[in-house]
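Listed here are the chains, written in short residue letters.
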Amino acid sequence: MLRWIAVVLTLLIYVQAAEDWKGSWFPDAPKTLALEGGETIKTVNGNALPEGDTVKEKKSPSRVAMGIENPDCDDAKHGLAIDFDPYNVTHSTVYMCLEPKSDYKGDYNMDAVITEHMVPSAYVANHKCMNSSIEYAERIPSYGTHRPLWPRYGEYMYVPTQRWLHNSEHGAVIALYHPCANKQQVDELKQIVKECLYRHVITPSQLPNKDRPFALVTWHATLEFSVLQRTIVESFIEKYALKGPEQTHRDGQYDHLLVDPAKVVSTEDDSVLCPKKQRD
Ligand SMILES: *[C@@H]1O[C@H](CO)[C@@H](O)[C@H](O)[C@H]1NC(C)=O
Ligand SMILES: *[C@@H]1O[C@H](CO)[C@@H](O)[C@H](O)[C@H]1NC(C)=O
């Protein structure tokens, strides 16, 4: 009898907590609750995570193997248009600045923000073949379903989210800049990231917004900023790089529009992050 009361109470508490929860669900909200995607800046508290969802994801039997070129699924060459089609005028604008540059010039009064997502250790992200599209609830995702083959490390003319998210799972830092962002700061950001670690992907992206046209993404955390400050970028990399659940420095297979392959900074494992950082 007591046991049943406990179960009912637990359920009630869980339902109440679920309705009150304003943050992200992981990996999905319970079916009855609409997921509120969007731009709220938050630190997600893992205590509110429903146990069942996590376990279900872990046992998912259908995960496509990563890093194996399979023409029926993903060979990093065919079917790329589902994520990014350079021959489609709508897609080809993703790396172009089509808005007033002054809207993206940044604001010194705007604080940089770090958003941490609680990613339970049991969570395993899914791999999806090129025959189905992948969308994200978060404006700038820092975990989630992605393509089986990941980009080679380096700077790209453009690489889609569905690809670079895989690198972050391996511990990489992804640097995103809006195509309208200040060119001098973009160049400086690229330089800082390239000098901090080998495992980086740099790409223009429409995901950063006007307030903060720059973003760094690692598995479970994002940094967004309005105006480039070297120390903030380096500190974020030091704290959040190399934290992905699948640690490997193995380079990727996807190299569409790669413009500058990454060079080793300290070791392939990035044993020293940001060696040029000024330390006192
Ligand atoms: C996509 O292709 C894979 C590999 O061939 C297959 O297992 C899967 O069922 C396909 N999915 C869809 C939605 O067609
Ligand atoms: C181009 O991309 C848009 C947006 O994804 C899509 O709706 C449209 O069908 C594509 N056009 C062609 C010709 O593939």
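Residues numbered from 1 in each chain as written. Chains lettered and ligands numbered in written order. Predicted model: local features only at pLDDT ≥ 70, side-chain atom pairs only at ≥ 80, totals over all residues.

K.L.:
Which residues make up the overall build of the chain, and what values do they have?
P.N.:
Summing up its helical and strand segments, the chain has six helices and seven strands in all. Relative to its full complement of 280 residues, the chain shows a buried share of 35%. (Helix = DSSP H or I, 4+ residues; strand = E, 2+ residues; numbered from the N terminus. Buried ≥ 20, exposed ≤ 12 C-beta atoms within 10 Å, placed from the backbone.)

K.L.:
Before we move on, can you summarise the pairing of strand β3 (residues 173–177) with the specific residues and values?
P.N.:
Along a regular strand, successive side chains alternate from one face of the sheet to the other. Among the five residues that make up β3, five are buried, leaving the element largely enclosed by the rest of the structure. Residues V173, A175 and Y177 point to one face of β3 and I174 and L176 to the other, with burial holding for every one of them. Both β3 and strand β4 (residues 200–204) contribute to a ladder of five bridges, which runs parallel. Pairing of L176 across the sheet is with T203, part of β4. Across four bridges, β3 lies against strand β5 (residues 214–218) in antiparallel orientation. Within β5, the residue paired with Y177 across the bridge is F214. (Pairing = 2+ DSSP bridges.)

K.L.:
Describe the sheet that holds β4, listing the residues and the values that go with them.
P.N.:
Ordered in space as β1-β6-β5-β3-β4-β2-β7, the seven strands form an open sheet in which the pairing is mixed. Each end of this open sheet is capped by a strand with a single partner; those strands are β1 (113–116) and β7 (258–261). Here the strands of the sheet are splayed against their neighbours by 15° on average, with no regard to which way each runs. Two elements, β1 and strand β6 (residues 221–225), share four bridges in a ladder whose sense is antiparallel. Bridge pairing in β6 links I114 to L223. The sheet strands contacting helix α5 (residues 183–196) are β2 (154–156), β3, β4 and β5, and the helix crosses β3 at an angle near 175°. (Axes fitted to C-alpha atoms, helices over the stretch in contact; angles between N-to-C directions. Contact = placed C-beta atoms within 7 Å.)

K.L.:
Mind laying out the site of ligand 1, listing which residues take part and the relevant values?
P.N.:
Surrounding ligand 1, one finds D72, C73, C129, N131 and S132. Each residue belonging to the shell around ligand 1 can be placed in one class, and the counts come to two nonpolar, two polar and one charged. (Near = placed C-beta within 6 Å. Nonpolar A, V, L, I, M, F, W, Y, C, P; charged D, E, K, R; others polar.)

K.L.:
Tell me what's going on with the environment of V217, and back it up with residues and numbers.
P.N.:
With respect to the helices, strands and loops of the structure, V217 is situated in strand β5. In the structure, V217 is positioned 16 residues away from V201 in sequence and 9.7 Å away in space, judged by C-alpha atoms. Setting aside chain neighbours within four positions, we find V217 in contact with I140, S142, S168, I174, L176 and T222.

K.L.:
An account of the nonpolar core is needed here, citing residue identities and associated values.
P.N.:
With 40 residues, the main nonpolar core has V173, I174, A175, L216 and I237 as its most contacted residues. Of all the elements, β3 adds the most residues to this core, at five residues. (Core = buried A, V, L, I, M, F, W, Y, C linked by C-beta atoms within 7 Å.)

K.L.:
Just give me the short version of helix α6 (residues 230–240), but keep the residues and values in it.
P.N.:
Buried within α6 we find V233, E234, F236, I237 and Y240. Take α6 and look down its axis: the buried residues cluster within an arc of 160°, on one side only. Buried-residue contacts for α6 involve β1, β3, α5, β5 and β6. Trailing α6 by a residue or two, L242 shows a phi angle of about 65°, which is positive. (Arc of directions from axis to C-beta.)

K.L.:
How would you explain unusual backbone geometry if you had to name every residue and give the values?
P.N.:
You will see that H220, though not glycine, has its phi angle at about 95°, which is positive. With respect to the secondary-structure elements, H220 resides in the loop between β5 and β6. Here H220 falls in the buried class, since 20 other C-beta atoms lie within 10 Å of it. Phi at L242 is positive, roughly 65°, even though this residue is not glycine.

K.L.:
Hey, could you go over the packing of α5 against α6 for me, with residue numbers and the actual values?
P.N.:
How two helices pack is summed up by the angle between their axes together with the distance between the axes. One way to put it is that α5 packs onto α6 with a least axis distance of 11 Å and a crossing angle of 35°. Seen from above, α5 lies across α6 with right-handed handedness. Of α6, the residues touching α5 (which contributes L189, I192 and C196) are R230, V233, E234 and I237. (Left-handed = near helix turned anticlockwise from the far one by under 90°.)

K.L.:
Could you give an account of α5, naming the residues involved and the relevant values?
P.N.:
Here α5 is 14 residues long and its end C-alpha atoms lie 20 Å apart, about the 20 Å a rise of 1.5 Å per residue gives. Against β3, β4, β5 and α6 lie the buried residues of α5. (Expected span 1.5 Å × (residues − 1).)

K.L.:
Could you give an account of the confidence of the model for the chain, with specific residues and numbers?
P.N.:
Reading fine detail from the predicted coordinates is not recommended where pLDDT is low. Per-residue confidence for the chain gives a mean pLDDT of 81; residues scoring 70 or more make up 78%. In this model, residues 1–23 is a region of pLDDT below 50 whose contacts with residues beyond four sequence positions or in other chains number seven contacts. Every residue in residues 27–61 scores below 50 in pLDDT, and together they form 46 contacts with partners more than four places removed in sequence or on other chains. (pLDDT = per-residue confidence, 0-100.)

K.L.:
Tell me about the environment of Y198, residues and numbers included.
P.N.:
When you line up the elements, Y198 lands in the loop between α5 and β4. When the C-alpha positions of Y198 and A262 are compared, they lie 5.7 Å apart, and in sequence the two are 64 residues distant. Once residues within four sequence positions are removed from consideration, Y198 is found in contact with Y153, A262, K263, V264, V265, E268 and D270.

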